[in-house]
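Structure at a glance
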Amino acid sequence: MCWLCCTLPLVMLLSLSVSPAASSTGNPCCYYPCQHKGICVQVGTGGYECDCTRTGYYGDNCTLPEFWMRLRSALKPSPSFYHFILTHFRWLWDIINNTFIRDTLMRLVLTIRANLIPSPPTYNSAYGYISWEAYSNVSYFTRVLPPVPRDCPTPMGTKGPVQLPEAKLVAEQFFLRRTFQPDPLGTNLMFAFFAQHFTHQFFKTSGKMGHGFTRALGHGVDLGHVYGDNLERQHQLRLFQDGKLKYQMVNGEMYPPTVLEAPVHMIYPKHIPPEERLAVGQEVFGLLPGLMMYATIWLREHNRVCDILKKEHPTWDDEQLFQTTRLILIGETIKIVIEDYVQHLSGYYLSLKFDPELLFGAQFQYQNRIAVEFNQLYHWHPLMPDSFVIKNEEYSYGQFVYNATMLTDYGVEALVEAFSRQRAGQIGGGRNTHSQLLNVAIGVIEESRLLRLQPFNEYRKRFGMRPYTSFQELTGEEKMAAELEEVYGDIDAVEFYPGLLVEKRQPNAIFGESMVEIGAPFSLKGLLGNPICSPEYWKPSTFGGAIGFEMVNTATLQKLVCLNVKKCPYVAFWIPEGDMEEMAEAAVSSSGEKTPSSEL
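Structure report, in brief. (Residues numbered from 1 in each chain as written. Predicted model: local features only at pLDDT ≥ 70, side-chain atom pairs only at ≥ 80, totals over all residues. Heavy atoms only, no water.)

1. Considering the overall build of the protein
In terms of helices and strands, the protein carries 26 helices and eleven strands. C-alpha extents for the protein along the principal axes are approximately 75 × 60 × 55 Å. Taking the intrachain contacts of the protein between residues at least 6 apart in sequence as the baseline, contacts between residues at least 24 apart amount to 70%. Of the roughly 26,300 Å² that the protein leaves accessible, carbon and sulfur atoms contribute 56%. Taken as two groups, the 51 positive and 62 negative side-chain charges of the protein have centres that lie 3 Å from each other. (Helix = DSSP H or I, 4+ residues; strand = E, 2+ residues; numbered from the N terminus. Contact = heavy atoms within 4.5 Å. Areas by Shrake-Rupley, 256 points an atom, 1.4 Å probe, with all protein chains shown as cover. Lys, Arg positive; Asp, Glu negative; His and termini not counted. Charge placed at Lys NZ, Arg CZ, Asp CG, Glu CD.)

2. Topic: the nonpolar core
Ranked by size, the top nonpolar core spans 153 residues in total, and within it Phe193, Met293, Tyr341 and Trp380 carry the most contacts. If one sorts the elements of this core by residue count, helix 13 (residues 318-346) sits on top with twelve residues. Ignoring sequence-local partners within four residues, the contact set of Met293 consists of Met190, Leu407, Val412, Leu415, Val416 and Phe419. Cys29, Cys34, Tyr57 and Met69 belong to the second largest nonpolar core, which has eight residues in total. (Core = buried A, V, L, I, M, F, W, Y, C linked by side-chain atoms within 4.5 Å. Buried < 20%, exposed > 50% of the residue type's maximum accessible area, 1.4 Å probe, protein only.)

3. Overview of the pattern of salt bridges
For the coordinates displayed, the defined rule picks out 24 salt bridges. For Glu503, the salt bridge identified is with Arg460, shortest N-O distance 3.3 Å. Of the two residues, Glu503 is situated in the loop between helix 22 (496-502) and helix 23 (513-528) and Arg460 in helix 19 (residues 456-462); the sequence distance between them amounts to 43 residues. You'll find Glu503 and Arg460 in the same group, each marked buried. (Salt bridge = Lys/Arg side-chain N within 4 Å of Asp/Glu carboxyl O.)

4. Concerning the pairing of strand 2 (residues 39-43)
As paired strands, strand 2 and strand 3 (residues 47-51) are joined by five bridges and run antiparallel to one another. Along strand 3, the bridge assignment pairs Cys40 with Cys50. Taking the residues that link successive antiparallel strands as the turn, the strand 2-strand 3 hairpin has three residues, and the phi of Gly44 there is positive, at about 65 degrees. (Pairing = 2+ DSSP bridges.)

5. As for helix 17 (residues 412-421)
Of all ten residues that make up helix 17, eight are buried, and the element is covered over most of its length. Taken as a whole, helix 17 has its buried residues at Val412, Glu413, Ala414, Leu415, Val416, Ala418, Phe419 and Ser420.

6. Comments concerning the state of the cysteines
Per the counting criterion, the structure on display carries five disulfides. Paired by a disulfide, Cys34 and Cys50 hold their sulfur atoms 2.0 Å apart. Across the S-S bond linking Cys34 and Cys50, the dihedral sits near -90 degrees, which makes this disulfide left-handed. With a gap of 16 residues between them, Cys34 in the loop between helix 2 (22-25) and strand 2 and Cys50 in strand 3 connect regions that are remote in the sequence. Comparing Cys34 with Cys50, the two get one shared label, buried. Here Cys562 engages in a disulfide with Cys568; their sulfurs sit 1.8 Å apart. (Disulfide = S-S within 2.5 Å.)

7. Description of empty space enclosed by the protein
Counted by the stated rule, this structure contains seven cavities of 30 Å³ or more. Size it by volume and the largest cavity reaches roughly 240 Å³. For the largest cavity, the lining is made up of 20 residues, of which Val342, Leu345, Val516, Gly519 and Ala520 are closest to its centre. Sorting the residues of the lining of the largest cavity by element identifies helix 6 (101-114), helix 13, helix 14 (372-377) and helix 23 as the ones contributing at least two each. A total of six residues in the lining of the largest cavity trace back to one element, the largest contributor, which is helix 23. (1 Å grid on protein atoms, 1.4 Å probe; cavity = no way out; pocket = protein on both sides within 12 Å on 5 of 7 lines; lining within 4 Å. Points joined across faces, edges and corners; volume = space filled by probe spheres on them.)

8. Quick word on the packing of helix 8 (residues 167-174) against helix 18 (residues 438-450)
Viewed as axis vectors pointing N to C, helix 8 and helix 18 meet at an angle of 130 degrees, and their least axial separation amounts to 9 Å. If you check the angle between helix 8 and helix 18, you find them oblique. Judged by the twist between their axes, the crossing of helix 8 over helix 18 is right-handed. Residue-level inspection shows Ala167, Lys168, Val170, Ala171 and Glu172 of helix 8 in contact with helix 18, the latter providing Leu438, Ile442, Ile445, Glu446 and Arg449. Of the residues in the contact of helix 8 with helix 18, the class split is six nonpolar, no polar and four charged. (Axes fitted to C-alpha atoms, helices over the stretch in contact; angles between N-to-C directions. Parallel < 35°, antiparallel > 145°, perpendicular 65-115°, else oblique. Left-handed = near helix turned anticlockwise from the far one by under 90°. Nonpolar A, V, L, I, M, F, W, Y, C, P; charged D, E, K, R; others polar.)

9. A word on helix 12 (residues 289-312)
Between its first and last C-alpha atoms helix 12 spans 35 Å; for 24 residues at 1.5 Å apiece the expected length is 34 Å, and the two agree. For helix 12, a buried count of 18 out of 24 residues is recorded, marking the element as mostly surrounded by other parts of the structure. (Expected span 1.5 Å × (residues − 1).)

10. Things to note about the side chain of Gln201
Mapped onto the elements, Gln201 comes out in the loop between helix 9 (189-199) and helix 10 (224-227). At 2.9 Å, the side chain of Gln201 and the backbone oxygen of Phe198 are in polar contact. Within the local environment of Gln201, its side chain forms a polar contact with the backbone nitrogen of Leu223, the two atoms lying 2.8 Å apart. In this structure Gln201 touches Ala216, Gly220, Val221, Asp222, Leu223, Gly224 and His225, once residues within four positions along its chain are discounted. (Polar contact = N/O pair within 3.5 Å; in protein donor to acceptor, adjacent residues only side chain to side chain.)

11. Thoughts on the environment of Ser435
Note that Ser435 resides in the loop between helix 17 and helix 18. You can call Ser435 partly exposed: its relative accessible area is 48%. With 259 residues separating them along the chain, Ser435 and Leu176 place their C-alpha atoms 6.2 Å apart.

In C-alpha cells form, the structure reads like this:
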C-alpha cells in the first residue's frame, strides 16, 4: 500500500513517451496522444509528455484509470441513455417535478455540465499553452482545446487530406438546402430569433482586431445588446430621466428611438433614411424584424420596470433606477433562458429550474469567458425558413431583411403571433441552410481553419462522448456518409462545425448529440456564472427589494411579451398543439404511414 501511495502520484503527473511515428512528424502532439483531458507537451525533437494531473487516469497517454475512475466509468450512463430517460416516461417526470428530487437532479445537471468548462480560462487562439496572457487578455475568445500545432502534417493533425477542400465546396455539398426540412418537434421562429437576439450580446467577433478576438468584453449575460457594449453607447441610448431608455411613440405604442434621437452607429443600407433607422444596443439588429421585435420588447420591459421601481423607491435618482433595472432584466433573461429556452431545446421532461441557491454549497466560480468553440457551435442558420409569413403575407429574404418599417407597420403583437406559429428548420442532419445564409456558414468554416480548431472527434472526447468510428455512424445514413468520406478521407479528420451540422438528429431533439453535450456546458456555466447568481448578489436588496426579486423569480417568455403589449398573442417557442396535430396528419397522408408520436 505504501509503495502504491508513493509511486502512483509520480506516474500520474508526467509520463515521458516517444512515438515511433512522432519522430517523423517533428511534433508528436499532432497525434493527440494524451487521452481523458491529459495535456500533451512536446519534449525534445521527437518525444512528448502527457500531464495526467487530476484527470483520474495515469500512464504514458493517460489511459489507465485509477480505481475510483474505473468504478465511476463503469456506472456512468452514456449521453444517449440519459437523453432517452429524460425525454421519455412523462408520467414519471410529472411526479418527480413536484418533489425534492427535481432540485437534486437540477443541482447535478448544473455541476456536471459546468465542470466541463475550464475556469479560469486556459487557452486562446494565440496561446496553445497556459499563460498569463491567455488568462488576462479578455479581448480574446478563450478556447477549450488548444489549436492544432502549426507543424502538423495535415490541417487536422495527422489524419485527412494535406489540403482541406474549399470551405465553399463543403458548405454547398453538406449544408445547402435542397428542400426545407422543418423541425419535427415544432420549434418556431420565435425560438430562432430569440437564439440570435440573445447570443449577439456575447458573440461579437472583432473584425478589426482579427479572428479569435471579441468586442463583447463582458463575456456573458450583461444585456449589452440592449444597453450597448460601452459606456458611450449606453449614454446615447439613455433618457437620463427616471432610469429609462430613450423611446419614440408610434400609433400609441413604444418603440426604439431613431438614430436622429439616439445617435449611435447602426448598420443599415444607405437607401434607408435616418428617420426609419431604429437605434438599439446591438448595431446589427436592423438586419431582421425579428431581432428588432425582441429589442423593442426589452426596451418596453426596461421602462416598465423603471416605473415600478420609481413608485416603490421615490427617493432614488436616475442612476440607481437604471442600474437596478438592468440587474432585474439580467435576472429575467437568465430565468427565461433556462426555464423556457433551454427547456425547449433540451426536450427534457425534467422541468429545469433557475435557482442560484442550488449551487451555494458547491465549488463554483462566478466568472465566465466566451469560447471560440461556443461561438462556432451557435451558428444555427438551418432554423431559418424559405420565407416569412405575417398575416397571410409571404416575404422573401429580399423583402424581409432590412425591412425597417415592418415592425412599426405590423406591431409587436402581430410579429410575435406570426413567428410563434411558423415552424423553424431542423438543425441536425445537414443540408438545411438557405442559400441566402450559405456565406455565413462558409465564413464559419474558414474561421475555424484560421484558428486551427481540432477535429470534431477530439471535441467529442473532451466532452465525455465516444468518438465516432465511421462516417455512417456520424450521419446515420449511407449517401452523405460516402460523400463525407470522399472529402475528408478519415472520420478523425472531420472538422468541428461540419461535424456538428451533419450529425444525425437525436430522437425527441432539435439536433444531434454533440450539439447538446458540447453546447449545454458552455450555456449553463455562462448563465449560472453570472455575478447576480453569486451569494453576495442573489438577495432581494440587489433587485430593489422584494418586488424586484419577485419579477426575476417569476419571469417567463409569456409574461415578458404580454406585460408589454396591449393584447396578449400566442407566444411560445413551439407552434401550437393544433398545428402539431395537423402536421402529424399531413405526415400520415403523404407517407401512408403514421408518424410515431415520439417524433412529434
